[in-house]
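Listed below are the residues making up each chain.
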Amino acid sequence: MNIGLIGSGGREHALCQKIHESKLIKKIICFPGNAGTAKIAKNIKADILNFREIHQLVQFHKIDLVIVGPEEPLVRGLVDYLRKKKIKVFGPDKFASRLEGSKAFMKKVCKSNNIPTADYKICKNKKDVLNFLKKSKLPLVVKADGLAEGKGVTICSSKKKVLNISEEIFKGKFKSSKKIVLEEFLEGEEASYFVIADKKTFKFFGTAQDHKRVKENDKGPNTGGMGAYSPAKIIDKKLEKKIINKIIKPTFFALKKKKIYYTGFLYVGLMIQDNEPYLIEFNVRMGDPECQVILPRLKTDLIKIIKNVVNNKLKQTSINWHNKKSMTVVLCSKGYPGKYKKNKTIKNLDRIKLSKNDFIYHAGTKLENDQLKSNGGRVLNITSVGTDFLNIRKKIIKIIKNINWKGGFFRRDIGWKIINK
Ligand code: AMP
Ligand code: GLY
């Protein structure tokens, strides 16, 4: 089979690596990929939001199956577009992608189906905000309704801040959002639970914990994710049952009642409070960097799984995992998530010796005249698999020291919750 992979981040390099290991594939084309995918696949420059262009390229390269990595093309309806053209494609359609594309939609699904989540109010103007403020305790969380590249959520400890942030969003700070979701702040521990779904069923696809804040000890502004590990220790069998029965099944059921069948990966972002799961967010894709820790633990051929999902044969497909732990640390451009410089040369990568349990997934990288350059905020994901999180982290940090990239920084404390306990 020829596979087309949409996206260019660390998640897509990790997907590309697994696809490359599959016995079922002939060639992989990445649209547009990065310097990491270039080593195991063919990168083709493309605007992933220009569906006509993608369709033409898919036909030209005789692609049998398209796998969509990031949320934006999903939310905008790439899957619907390609399906209409009779192209096989893995990912949720436009309607189902509203679970991530509109926080207001997601909250309404929760409310109508008794899915545990933070109390909230959808606000379209200042008056709505003031009404909610009257009856709520601080801190409060202000969320832009639509996609905002991970920058749409602000935790506010004063009413003034709630009003200021809301006003910015009403005035059009994020193109995708004219309204906000204002919600109560949930205390607890965050964890992510993943499933893969076809029209008939869904199956477990790993757990992970991300580290969203830029600085050690979880300080500083939110980022796309500074590192992650898998599995998430906090999710035991009892909690898993609650996640499935209280959150995932009612969500799929609510969509099915509208004749919408969720297919693809679903990322369930949770706050765990007194052993009870509360839904913080749905993402209609794998997480980044969560994908980079989940996929190295996958034993079963990824393309076999995805092919069966696309043909609605997931029920008959067993998904097996290595009984190992994994961690990834993100090497970022200095300044991220604020202003940072691109085009910084990364010299030593080819000289780094990796064991079969170590992976360097590229994210914001590109090749220019055969030189590796940074091309984004999150640049490399250094990942390792093993039996003990402390040793895995030590190994990762050793690799980062060997890379010795002067333009970068990283968090040394990924996994602190489980390592220091
Ligand atoms: P989201 O984009 O909805 O995942 O929000 C980004 C991050 O904000 C989450 O990963 C949490 O760390 C935090 N967050 C979002 N909603 C809440 C909430 N209701 N209570 C506490 N923290 C939250
Ligand atoms: N790491 C968070 C996300 O992928 O949304």
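Shown above is the structure to which this text applies.
This text gives an overview of the structure that appears in the document. Chains are numbered independently. Their residues run from 1 in the order of the written sequence. Think of it this way: whatever chain is written first is A, whatever ligand is written first is 1, and the rest follow in order. Given that this is a predicted model, residues contribute local features only at a pLDDT of at least 70 and side-chain atom pairs are listed and counted only at 80 or more, while totals for whole chains, interfaces and linings are drawn from all residues. Side-chain metrics rest on all non-hydrogen atoms present in the structure, leaving aside hydrogens and water.

**Examining the overall build of the protein chain**
Now for step 1: A helix here means a DSSP run of H or I that spans at least four residues, while a strand means a run of E at least two residues long, and both kinds are numbered starting from the N terminus. Broken down by element type, the protein chain carries 13 helices and 22 strands.
Now for step 2: In terms of overall dimensions, the protein chain is globule-like: its C-alpha atoms have a radius of gyration of 21 Å, near the 22 Å expected for 421 residues.
Now for step 3: Expressed along its principal axes, the backbone C-alpha trace of the protein chain runs to roughly 60 × 45 × 45 Å.
Now for step 4: The 421 residues of the protein chain split such that 58% are buried.
Now for step 5: Sequence separation of at least 24 residues holds for 67% of the intrachain contacts in the protein chain that already meet a minimum separation of 6.
Now for step 6: Every accessible area reported is derived by Shrake-Rupley at a probe size of 1.4 Å, with residue values counting cover from the shown protein chains alone. In the form shown here, the protein chain has an accessible surface area of approximately 20000 Å², with 48% of it arising from carbon and sulfur atoms. Each radius of gyration reported is based on C-alpha atoms, and the globular scaling rule is 2.2 Å times the count of residues to the power 0.38. Summary of the burial criterion: residues with accessible area below 20% of their type's maximum are buried, those above 50% are exposed, and those between are partly exposed, where the area comes from a 1.4 Å probe applied to protein chains only. Any two residues whose heavy atoms approach within 4.5 Å at even a single point are treated as in contact.

**Points about the site of ligand 2**
Now for step 1: We call a residue near a given molecule or strand whenever any one of its heavy atoms falls within 4 Å of it. What surrounds ligand 2 is the set D210, K212, G224, Y267, N283, R285, G287, D288, P289 and E290.
Now for step 2: At a separation of 2.9 Å, an oxygen atom of ligand 2 approaches a polar side-chain atom of R285.
Now for step 3: Nitrogen and oxygen atoms within 3.5 Å of one another constitute a polar contact, given that in protein one can donate a hydrogen and the other can accept it, and given that sequence-neighbouring residues count only through two side-chain atoms. Within the side chain of E290, one N or O atom sits 2.9 Å away from a nitrogen atom of ligand 2.
Now for step 4: Here ligand 2, which alone exposes 200 Å², has 89% of that area covered by the protein.
Now for step 5: When its residues are assigned to classes, the shell around ligand 2 shows two nonpolar, three polar and five charged. Residues are grouped as follows: Ala, Val, Leu, Ile, Met, Phe, Trp, Tyr, Cys and Pro are nonpolar; Asp, Glu, Lys and Arg are charged; every other residue, Gly included, is polar.

**Focus: the pairing of strand β16 (residues 276-283)**
Now for step 1: Burial within β16 is extensive, with six of its eight residues counted as buried.
Now for step 2: Two strands pair if DSSP finds at least two bridges between them. Between strand β15 (residues 264-273) and β16, which pair antiparallel and follow one another directly, the connecting turn spans two residues, one of which, D274, has a positive phi of 45 degrees.

**Thoughts on the side chain of T117**
Now for step 1: Looking at where T117 falls in the secondary structure, it is placed in the loop between α6 (103-112) and β6 (120-123).
Now for step 2: For T117, the side chain forms a polar contact with the side chain of K107, separated by 2.8 Å.
Now for step 3: Beyond its immediate chain neighbours, meaning those up to four positions away, T117 contacts K107, C110, Y278 and L279.

**Notes on the nonpolar core**
Now for step 1: By nonpolar core we mean a set of buried residues, namely Ala, Val, Leu, Ile, Met, Phe, Trp, Tyr and Cys, connected to one another through side-chain atoms within 4.5 Å. In terms of nonpolar packing, the biggest core is built from 50 residues, with F31, V66, Y193, I248, Y262 and V268 touching the most fellow members.
Now for step 2: A per-element tally of this core places helix α9 (residues 237-257) first, with eight residues.

**Topic: the sheet that holds strand β3 (residues 42-43)**
Now for step 1: Reading across from one edge, β3-β2-β1-β4-β5 is the order of the five strands in this open sheet, with parallel pairing throughout. The sheet terminates laterally at β3 and β5 (88-90), the two strands that pair on one side only.
Now for step 2: Of the strands in this sheet, β1 (2-7), β2 (27-32) and β4 (65-68) touch helix α1 (residues 10-21), which is tilted by about 170 degrees from β1. Each axis is a line fitted through C-alpha atoms, taken for helices only over the stretch in contact, and angles between the N-to-C directions span 0 to 180 degrees.

**Here's the deal with the packing of aromatic side chains**
Now for step 1: Note on aromatic contacts: the rings of Phe and Tyr and the six-membered ring of Trp form a pair at centre separations within 6.5 Å, being stacked when their planes are under 30 degrees apart, edge-to-face when over 60 apart, and tilted otherwise. Going through the model one piece at a time under the given rule, you end up with 13 aromatic pairs.
Now for step 2: Between F194 and Y267, the ring centres sit 4.8 Å apart and the planes meet at 70 degrees, which makes this aromatic pair edge-to-face. A residue pair is termed long-range when its members are at least 10 positions apart, and F194 in strand β10 (residues 189-197) and Y267 in strand β15 qualify at 73 residues. The exposure classification of F194 matches that of Y267, with both residues buried.
Now for step 3: The structure contains a cluster of three or more aromatic residues connected by ring pairs, namely F90, Y193, F204, F205, F265 and W321.
Now for step 4: Geometrically, a charge over a ring is one whose NZ (Lys) or CZ (Arg) sits within 6 Å of the ring centre while staying within 35 degrees of the ring normal. We note R285 situated over the ring of Y267; from NZ or CZ to the ring centre the distance is 5.9 Å.

Read these as spatial facts, not as claims about activity.
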